[in-house]
Amino acid sequence: MSLLPYALARPFLFGLDPETAHELTLGSLERLQHTPLRFAYCNGFVPDPVELAGLRFPNRVGLAAGLDKNARCIDALGAMGFGFVEVGTVTPKPQPGNPKPRMFRLPEANALINRLGFNNEGLDAFIANVQRSSFRAQGRLLGLNIGKNAATPIENATSDYLTCLAGVYPHADYVTVNISSPNTKNLRALQSDEALDALLSAIAQRREQLAATHGRRVPLFVKIAPDLDAAQVDVIAATLRRHGMDGVIATNTTIARDRVQGLRHAEEAGGLSGSPVLEASNRVIAQLRAALGAGFPIIGVGGVLSAEDALSKLRAGADVVQIYTGLIYRGPALVDQVARAFKAQAAGRR
């Protein structure tokens, strides 16, 4: 277990502006991750392997994309006990994201609102950081999450995704196509019937070319929003299957505010994450499982702040889960708690 209890660090971090605290934390993790001081935040690793999308996940707890957009802290975050880590979203060109302030805590609801807008240093810097990490060499899995630049017109979005796919392909265990952030104008339009069909068709074709070039077929996941009705989920499920996608990540942040009404910052624009998105995320997971049937990989994310929250995602139909906001509110101990709960559940089924 970590030498520094998160309960000691949290009051200091929560006394800072959220984005300042975020950058301070990432900067510290980056500096410490290859030094003996990494034991200040390390967790033991709970092995609980599962086969999914042709990959062997060392355990069923992963880090969601968005926390480490530039892939600076892969090894540090992995040391918290995650079986898989997803970094990004990366775009072809560097971009600053949306104007500040753009992150807001809603502690009464164990929630965050962000409108960062894919702020990142661009594809070249991202790949260089990925190449410096040793996480994959330890037998863990690395997901690389790709998107489009804000300045790219939505009708040209496919070109950005193909550029990113080609760049990250040699360095990824799986690639996630992010079409569900609410913080890039019109991005969620790519979830609509015709747009999604065209995008995934182009991505599938490029994947075949890359697989032939690199001699390995990298699984492709698509990350979708919680703000979808059952008919939309059914169409997305059919499109995923039609184009040979290997899995789906459900879900991104929500634009709904019904569970945080009256709270400070509740009306800020952006994506809401944390406890308020758990139910909506689980609903989409259950609808996906019904539409996709058994065996199609689903990564569940959204609102995991306890082992019970994580188990609810498995009951809804997810195969593995990811954590983001829960790590901010609960600290690295949450990773260990969830991993142990999953392993105990698996042992109980045997």
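Worth saying up front: this structure is predicted, and the values here are computed from it rather than measured. Residue indices begin from 1 for each chain and proceed along its sequence in written order. Note on the predicted model: pLDDT of at least 70 is required for a residue's local features to be given, and 80 or more for side-chain atom pairs to be given and counted; whole-chain, interface and lining totals, by contrast, use all residues. Side-chain measures here rest on the full set of heavy atoms in the structure, leaving out hydrogens and waters.

Draft legend 1. Structural view of the layout of surface pockets. Reported here for the second largest pocket is a volume of approximately 150 Å³. Think of a 1 Å grid over just the protein atoms. A cavity is a set of points where a 1.4 Å probe fits yet cannot get out, a pocket is an open set with protein on both sides within 12 Å along at least five of seven lines, and lining residues have an atom within 4 Å of a point. Forming the walls of the second largest pocket are Pro 226, Asp 227, Thr 254, Ala 256, Asp 258, Arg 259, Leu 272, Pro 276, Val 277, Glu 279, Ala 280 and Arg 283. Here a strand is any run of E in DSSP of at least two residues, a helix any run of H or I of at least four, and the numbering for each starts at the N terminus. Of the residues forming the lining of the second largest pocket, the biggest block, three residues, is contributed by helix H8 (residues 278-292). Looking at the lining of the second largest pocket, its residues break down into six nonpolar, one polar and five charged. Grid points are joined across faces, edges and corners, and a volume is the space filled by probe spheres set on the points. Ten residues, namely Ala, Val, Leu, Ile, Met, Phe, Trp, Tyr, Cys and Pro, are considered nonpolar, four, namely Asp, Glu, Lys and Arg, are considered charged, and the remaining ones, Gly among them, are considered polar.

Draft legend 2. Spotlight on empty space enclosed by the protein. Overall, the coordinates contain one cavity of 30 Å³ or more when judged by the stated rule. Of the pockets and cavities examined, the largest cavity occupies roughly 410 Å³. Taken together, 32 residues line the largest cavity, and the ones lying closest to its centre are Ala 65, Lys 223, Asn 252, Thr 253 and Tyr 324. Elements with a minimum of two residues in the lining of the largest cavity: strand S6 (111-114), strand S11 (271-274), strand S13 (320-323) and helix H10 (325-330). The class makeup of the residues in the lining of the largest cavity is twelve nonpolar, 18 polar and two charged.

Draft legend 3. Region of the structure containing the packing of helix H4 (residues 123-132) against helix H5 (residues 157-168). Simply put, an axis is a line fit to the C-alpha atoms, just over the touching stretch for a helix, and the angle between two N-to-C directions goes from 0 to 180 degrees. Here H4 crosses H5 at 25 degrees, and the two axes come no closer than 10 Å. Between H4 and H5, the angle falls in the class roughly parallel. Where H4 crosses over H5, the handedness of that crossing is right-handed. Packed against H4, whose contacting residues are Leu 123, Phe 126 and Ile 127, the element H5 presents Thr 163, Cys 164, Gly 167 and Val 168 at the interface. For the contact of H4 with H5, the residue count by class is five nonpolar, two polar and no charged. For classification purposes, an angle smaller than 35 degrees is called roughly parallel, one larger than 145 roughly antiparallel, one from 65 to 115 roughly perpendicular, and anything else oblique. The crossing is said to be left-handed when, going from far helix to near helix, the turn is anticlockwise and less than a right angle, and right-handed when the turn is clockwise. Contact definition: two residues touch when any of their heavy atoms are within 4.5 Å.

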